[in-house]
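# Working through the structure, step by step
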Amino acid sequence: MQEYLRVGVVSSTHGVRGEVKVFPTTDDPQRFQKLEKVMLDTKKGYVELKIAGVKFFKNQVIVKFAGHDSIESVEGYKGMDLLVSREDALPLGENENYIVDLIDMTVVTDEGETLGTLVDVMQTGANDVYVVETDKKKEILLPAIRDCILDVNVEEKRMLVHVLEGLLDL
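Report on the accompanying structure. (Residues numbered from 1 in each chain as written. Predicted model: local features only at pLDDT ≥ 70, side-chain atom pairs only at ≥ 80, totals over all residues. Heavy atoms only, no water.)

## Side note on the overall build of the chain
- A tally of helices and strands in the chain yields one helix and twelve strands.
- For the chain, the sequential pattern of α-helices and β-strands runs β-β-β-β-β-β-α-β-β-β-β-β-β.
- For the C-alpha atoms alone, the extent of the chain along its principal axes is close to 60 × 30 × 30 Å.
- For the chain, the residues scored as buried account for 36% of the 170 residues in total.
- Contacts spanning at least 24 positions in sequence make up 49% of the contacts within the chain whose residues lie at least 6 apart.
- About 10500 Å² of surface is accessible on the chain, with carbon and sulfur atoms providing 47% of the total.
- Here the chain holds 20 positive side-chain charges and 31 negative ones, and the gap between their average locations is 9 Å. (Helix = DSSP H or I, 4+ residues; strand = E, 2+ residues; numbered from the N terminus. Buried < 20%, exposed > 50% of the residue type's maximum accessible area, 1.4 Å probe, protein only. Contact = heavy atoms within 4.5 Å. Areas by Shrake-Rupley, 256 points an atom, 1.4 Å probe, with all protein chains shown as cover. Lys, Arg positive; Asp, Glu negative; His and termini not counted. Charge placed at Lys NZ, Arg CZ, Asp CG, Glu CD.)

Here it is, written out as structure tokens:
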């Protein structure tokens, strides 16, 4: 399991006082108000940034980092992920998982057939949809509902599913 979870992506700078616009990738953007720090993924390593202020504008979060008081000090952050450690992550409810923990799971039917590997999760609003890639590179879309997803074992990276009638038809 990954040690850090992505909560947002820096989309651009905001103003000239060192603030950045963040596109939130968390279910609850309001959580930024409770965060004291985040990790910036520079692709060469992680840099801890203390949060000095948070405000909201449209679908983005405006974040001010402590010690960054000019646009020049945050210009290089554009496109970089903001992460939190698992202990700083929001607690999961029953039958909830972090998306990062689902990716690359082996998906097996309740009849013992291996369908493939979970490669993506589409968030549609009504329910998530799991994208499973077969060994023949075909994609199968499975709705993340109780009738279809029977068990998720994060430790074993294995998902047990019931294929609803018509899901495999072309």
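Still more to cover.
## So, the sheet that holds strand β12 (residues 158–161)
- Taken together, six strands build an open sheet; the order of strands is β10-β9-β8-β7-β12-β11 and the sheet is mixed. The open sheet is flanked by β10 (139–143) and β11 (149–153), the only strands paired with a single partner. Between one strand axis and the next, the sheet turns by 35 degrees as a mean value, whatever way the strands run.
- Where strand β7 (residues 106–109) lies against strand β8 (residues 114–123), three bridges are found, and the strand directions are antiparallel. Opposite V108, over in β8, you have T114 as the bridge partner. (Pairing = 2+ DSSP bridges. Axes fitted to C-alpha atoms, helices over the stretch in contact; angles between N-to-C directions.)

## A short note on the pattern of salt bridges
- Across all of its chains, the model carries eight salt bridges by this definition.
- Among the ionic pairs, E19 bridges to K55, the shortest N-O distance being 3.5 Å. In this pair, E19 sits in strand β2 (residues 19–24) while K55 sits in strand β4 (residues 46–57), placing the two residues 36 residues apart along the sequence.
- Here D101 makes a salt bridge to R86, at a shortest N to O gap of 2.5 Å. Here D101, found in helix α1 (residues 99–102), pairs with R86, found in the loop between β6 (81–85) and α1; they are 15 residues apart in sequence, far enough to count as distant.
- Three or more residues are tied together by salt bridges with common partners; here these are R6, D41, K43 and D81. (Salt bridge = Lys/Arg side-chain N within 4 Å of Asp/Glu carboxyl O.)

## Brief notes about the side chain of K64
- In this fold, K64 is placed in strand β5 (residues 60–65).
- Once residues within four sequence positions are removed from consideration, K64 is found in contact with R17, G18, E19, K50, I51, A52, G53 and D69.

## Remarks on the layout of surface pockets
- In this structure, the largest pocket encloses a volume near 1200 Å³.
- Elements supplying a minimum of two residues to the lining of the largest pocket: β1 (4–14), β6, α1, β9 (128–133) and β11.
- Classifying every residue of the lining of the largest pocket by side-chain character gives 20 nonpolar, seven polar and ten charged.
- Put simply, the second largest pocket is a space of about 160 Å³.
- Around the second largest pocket, the lining residues are R31, K34, L35, E36, K37, D88, A89, L90 and P91.
- Of the residues contributing to the lining of the second largest pocket, the split by class is four nonpolar, no polar and five charged. (1 Å grid on protein atoms, 1.4 Å probe; cavity = no way out; pocket = protein on both sides within 12 Å on 5 of 7 lines; lining within 4 Å. Points joined across faces, edges and corners; volume = space filled by probe spheres on them. Nonpolar A, V, L, I, M, F, W, Y, C, P; charged D, E, K, R; others polar.)

## Quick word on the sheet that holds β6
- Reading around the circumference, β1-β2-β5-β4-β3-β6 is the order of the six strands in this closed barrel, with antiparallel pairing throughout. Pairwise comparison of adjacent strand axes, ignoring direction, gives a mean angle of 50 degrees for this sheet.
- The pairing of β2 with β5 spans four bridges and is classified as antiparallel. Across the sheet, V22 pairs through a bridge with V61, a residue of β5.

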